[in-house]
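# Overview (structure and organization)
Read off the chains here:
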Amino acid sequence: MKVSIIGASGYTGSELMRILMNHPQVELAHLTARSLAGEIIAEHFPIFTGYLENKTFVEMDLDQIKKDSDVVFICLPHGHSMSMAKELLGSVKVIDMGADFRIKDINTYEKTYQVDQLAPELVDQAVYGLTEFYREDIQNAELIANPGCFSTNALLALMPLVKNNLIDPQSIIFDAKTGISGAGRSANVDNLLAELGNSFKVYNPLGHRHIPEIEQELNFQSSDPTMIQFTPQLLPTERGIYSSIYANASQETSTEALHDLYKDFYAGEKFIHILAPGQFPNLKAVKGSNHCHLQIQFDERTKRILVFSSLDNLMKGASGQAVQNMNLMFNFEESLGLESSGLMP
Ligand SMILES: NC(=O)C1=CN([C@@H]2O[C@H](COP(=O)(O)OP(=O)(O)OC[C@H]3O[C@@H](n4cnc5c(N)ncnc54)[C@H](OP(=O)(O)O)[C@@H]3O)[C@@H](O)[C@H]2O)C=CC1
Ligand SMILES: CC(=O)N[C@@H](CCC(=O)OP(=O)(O)O)C(=O)O
């Protein structure tokens, strides 16, 4: 099967190449770049030495891409995918890594991202690619809106509680730390190691753009309004998201009962793991892998439920989950190409 990547020279695009070069069913077709078009990939990304040595980044040619591909991943900043998807769909399936089709309410999308929704007719058709929750729709989808990295982290951690009405939705505090690659490869000076190394800071605490996406998906499962408090923070590390989530319990419970609930809820899920009691997620254990690690506890003293969650923003938070979705769309084993573990040490 032929796969093209638009924006292959960015972080999600290069992560897709890293996964797909070892995928037994995939042949990489067009790997487009803007500033690096015409350049040899392995000369700019040494991880591809020995793998993609003869491949070059090419300029984007949608007509040619339509002819030469079965599926196209769009790895561009938001705002670009709407017109592109309109042109591609009908000839190929599309997986959009950005936010253009994630938010079903057009006004909310336009207000959050400060761009016009140029393809409103595609918004309903797009399937939100949170794999564990939309499997059947994804299998039949032509267009996937791949979720945001923080959104994936929050939703995987919170869904069991919200679906079972175990928390007051308005009490949710989502305190999340992310590695720098979340900002993309062309990020500005604030994201240089010299600025962030041995440091730590909050950004955008009053209205991060993933909030509407998270609330949309949580409200799908609950009649209560959700008003999530989300504080994103930048960690001086290259990749990974670690979140601590707090919410008021709506009834008396116990750590043991919550643990059993999560185990049942995610039973059979290859990439979602409820850690043994007493173990906590850590970033290194998930970096480079498509896994999400969760721990859950009930604080008897405060009557709050605590969930701790970690994943790799470029894997389960982006390109790994996108490949999981591609596998479903083409009837491959869902975990094909995604078998790698995290790192040790
Ligand atoms: N990074 C992450 O952790 C996650 C990112 N996403 C989303 O995925 C998408 C891609 O993100 P990411 O890979 O991090 O971004 P990067 O900044 O790393 O890469 C963006 C890519 O798009 C190209 N590009 C940028 N602007 C234009 C333009 N105007 N026209 C054509 N090409 C352009 C860049 O080319 P050039 O290098 O020449 O500028 C590069 O190839 C975004 O929508 C992002 O929000 C989703 C989940 C997680
Ligand atoms: C560190 C950093 O800046 N991270 C990004 C999250 C990247 C992501 O998931 O992005 P999209 O929703 O844009 O696809 C942010 O906070 O906006």
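Residues numbered from 1 in each chain as written. Chains lettered and ligands numbered in written order. Predicted model: local features only at pLDDT ≥ 70, side-chain atom pairs only at ≥ 80, totals over all residues.

## Some details on the site of ligand 2
Under the convention used in this document: Nearness here has a simple definition: the residue's C-beta atom, placed using the backbone, must lie within 6 Å of the molecule or strand. Each helix is a run of DSSP H or I of at least 4 residues and each strand a run of E of at least 2, with the numbering of both proceeding from the N terminus. Just so you know the grouping, Ala, Val, Leu, Ile, Met, Phe, Trp, Tyr, Cys and Pro go in nonpolar, Asp, Glu, Lys and Arg go in charged, and all remaining residues, Gly too, go in polar.
Neighbouring ligand 2 are G98, A99, G148, C149, F150, T178, G182, A183, H210, P232 and L234. Within the residue set of the shell around ligand 2, elements represented by two or more residues are helix 8 (149-163) and strand 9 (229-234). Split by residue class, the shell around ligand 2 holds six nonpolar, five polar and no charged.

## Structural notes on the UniProt feature "active site" (unreviewed entry) in the protein chain
Applied cut-off: UniProt positions are given in the numbering used here, feature names are shortened, and annotations may be inferred rather than shown by experiment. Partly exposed residues are those falling between the two cut-offs: more than 12 but fewer than 20 other C-beta atoms within 10 Å of their own, whereas 20 or more means buried and 12 or fewer means exposed, with C-beta atoms placed from the backbone. Contacts here follow a simple rule: the backbone-placed C-beta atoms of the two residues must lie within 7 Å.
In this structure's numbering, the residues bearing the UniProt feature "active site" (unreviewed entry) are C149. Checked against the element boundaries, C149 lands in helix 8. The exposure class assigned to C149 is buried, which follows from the 27 C-beta atoms found within 10 Å. When neighbours within four sequence positions are excluded, C149 is seen to be in contact with G182, I241, N313, G317 and A318.

## Focus on the site of ligand 1
Stated formally: Domain extents, as shown, originate in an automatic or database domain assignment.
Residues in close proximity to ligand 1 total 27 residues, the closest being G10, R34, G98, G184 and R185. In terms of residues, the shell around ligand 1 owes the most to one element, helix 1 (residues 11-20), which gives three residues. Looking at the shell around ligand 1 residue by residue, the classes come out as ten nonpolar, 15 polar and two charged. There are two domains that each give the shell around ligand 1 at least three residues, and those are domain 1 (2-125) and domain 2 (150-313).

## So, the domain arrangement of the protein chain
You can read the domains of the protein chain as domain 1 (2-125) and domain 2 (150-313). In this structure, domain 1 and domain 2 have C-alpha centres spaced 27 Å apart. Taken together, the contacts link eight residues of domain 1 with seven residues of domain 2. In terms of residue count, helix 5 (residues 106-113) provides more of the side of domain 1 that touches domain 2 than any other element does, three residues in total. Grouping the constituent residues of the side of domain 1 that touches domain 2 by class yields three nonpolar, three polar and two charged.

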